[in-house]
Amino acid sequence: MTRWNTSHIPDQTGRSAIVTGANSGIGYVAARELARRGARVLLACRNEARGVAALERLRAEVPTAEAEFRQLDLADLSSVRDFAATLGDFDGDRLDLLINNAGVMALPYRTTTDGFEMQFGTNHLGHFALTGLLLPKLLATPGARVVTVSSMLHAIADVDLDDLNSERSYRRWVAYGRSKSANLLFVHELSRRLAAAGSKVVAAAAHPGYASTNLQTAGARMEGRRSAERIIEVGNRIIAQPPDGGALGTLCAATAPHMKPDSFIGPRSGLRGAPAPSFRAPWTKKDTTSERLWAASVELTGVRYDFTPPTTT
């Protein structure tokens, strides 16, 4: 994967992809580049106006794109269920690629519609439920992949299995790190269960390094901390790489041939640059922890995974 870039993306003609949070940032870039290579792409976004605007922008940048928008709020499990239930007209029973990209970062304490801490509920539980509900389509599709976007900041905190919703105490950056560790534990456990079922579906993870998106400023903006927002904006301009660079890890994990299950791909330097296998905290590959988080996620979301291979007629 030396100096891997978008020119290395194989032809995606005939393949279908869902990208969550595709209205901006690395999600938008991932959707655009997949469409540029011929994939049929669905932009799954919470905000309808922003989602429609992103779709129009994508079609302007890639006139040949086969793309559409559908509303999905990962902080509301009823929205996740409705989204999955109405996908029958999107490429039938197949789904080649699910990119779990959407997320929130370092917000003041908030809860989802279902009462979960917002970062854990959106970044992990929403995608856990979505993947489980779409699993039959993935299992029915040869060469299918699930790519979940984590962060290098997963390394600041392991999940707290006794306080998943930060009810005892809440520190926004610790909660973010825990949600991103949860993403990696999810990929680890999903890979194990797919292998045990004899499935060839590949579950991998990626991170963008330090990419300039609106994710970093959201928390400060919500609280009206304009000085903090400006500092972050300056840091984004000076240090961060643009979304086009940040999306390379996602696109590599999604399309590079022979991607191994449970891989974690990000910028070679950690912050920016061509994608490569990334540092990963040891706790994100602990089987006992991933098993317990999986069981808790099933209980909290009500979504049970069925790894039964699809029948052929």
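What comes next is a walk through the structure. (Residues numbered from 1 in each chain as written. Predicted model: local features only at pLDDT ≥ 70, side-chain atom pairs only at ≥ 80, totals over all residues. Heavy atoms only, no water.)

1. Some thoughts on the sheet that holds strand E2 (residues 40–45)
Reading across the sheet, the eight strands line up as E3-E2-E1-E4-E5-E6-E7-E8 and stay open at both edges, with mixed pairing between neighbours. Edge positions in the open sheet fall to strand E3 (66–71) and strand E8 (275–277), since each of these has one partner strand only. Neighbour to neighbour, the strand axes of the sheet diverge by 20 degrees on average, direction disregarded. Sheet analysis places strand E1 (residues 16–20) next to E2, joined by five bridges and oriented parallel. In the sheet register, Ile18 faces E2, and the bridge partner there is Leu42. (Pairing = 2+ DSSP bridges. Helix = DSSP H or I, 4+ residues; strand = E, 2+ residues; numbered from the N terminus. Axes fitted to C-alpha atoms, helices over the stretch in contact; angles between N-to-C directions.)

2. A closer look at the packing of aromatic side chains
Summed over the entire model, instances satisfying the criterion amount to nine aromatic pairs. Cluster of aromatic residues (ring-pair linked, three or more members): Phe128, Phe186, Trp294, Tyr305 and Phe307. (Phe/Tyr/Trp six-rings, centres within 6.5 Å; stacked < 30°, edge-to-face > 60°.)

3. Thoughts on the pattern of salt bridges
Applying the stated rule across the entire model yields 18 salt bridges. Note that Arg15 and Asp96 form a salt bridge whose closest N and O atoms lie 3.5 Å from each other. Of the two residues, Arg15 is situated in the segment before E1 and Asp96 in the loop between helix H3 (77–85) and strand E4 (97–100); the sequence distance between them amounts to 81 residues. Each member of the pair, Arg15 as well as Asp96, carries the same accessibility label: buried. The shortest N-O distance in the salt bridge between Arg32 and Asp244 comes to 2.7 Å. With Arg32 in helix H1 (residues 25–36) and Asp244 in helix H8 (residues 243–246), this residue pair connects regions lying 212 residues apart in the sequence. One connected set of salt bridges, linked through shared partners, spans Arg15, Arg40, Glu66, Glu68, Arg70, Asp89, Asp91, Arg94 and Asp96. (Salt bridge = Lys/Arg side-chain N within 4 Å of Asp/Glu carboxyl O. Buried < 20%, exposed > 50% of the residue type's maximum accessible area, 1.4 Å probe, protein only.)

4. Some remarks on the nonpolar core
By size, the foremost hydrophobic cluster in this structure holds 46 residues, and its most contacted members are Ile18, Leu190 and Tyr305. Those elements that place two or more of their residues in this core are E2, H3, helix H4 (118–139), helix H5 (172–196), strand E6 (202–206) and helix H10 (287–301). If you tally residues by element for this core, the top one is H4, at nine residues. For Leu190, the contacting residues outside a window of four places in its chain are Thr131, Val146, Ala203, Trp294, Tyr305 and Phe307. (Core = buried A, V, L, I, M, F, W, Y, C linked by side-chain atoms within 4.5 Å. Contact = heavy atoms within 4.5 Å.)

5. Digging into the pairing of strand E7 (residues 264–267)
The side chains of a regular strand alternate between the sheet's two faces. Examined bridge by bridge, E6 and E7 share two bridges and lie parallel to one another. Bridging from a neighbouring strand, Ala205 pairs with Phe264 of E7. Note: E7 against E8, three bridges, orientation antiparallel. For Pro267, the partnering residue across the bridge sits in E8 and is Pro275.

6. Considerations on the packing of H1 against helix H9 (residues 248–255)
At their nearest, the axes of H1 and H9 sit 9 Å apart, and the two run at 45 degrees to each other. Relative to H9, the element H1 is oriented oblique. When the axes of H1 and H9 are compared, the crossing they make is right-handed. In this structure, H1 contributes Ile26, Ala30, Glu33 and Leu34 to the contact, and H9 contributes Thr250, Leu251 and Thr255. The residue makeup of the contact of H1 with H9, split by class, is four nonpolar, two polar and one charged. (Parallel < 35°, antiparallel > 145°, perpendicular 65-115°, else oblique. Left-handed = near helix turned anticlockwise from the far one by under 90°. Nonpolar A, V, L, I, M, F, W, Y, C, P; charged D, E, K, R; others polar.)

7. Notes on unusual backbone geometry
Phi is positive for Asp91, which is not a glycine, with a value near 60 degrees. Position of Asp91 among the secondary structure elements: in the loop between H3 and E4. Judged by its relative accessible area of 24%, Asp91 falls in the partly exposed class. Backbone geometry places Asp262, a non-glycine residue, at a positive phi of 70 degrees. Examined against the element boundaries, Asp262 turns out to sit in the loop between H9 and E7.

Without other data, these values stay purely geometric and don't point to any function.
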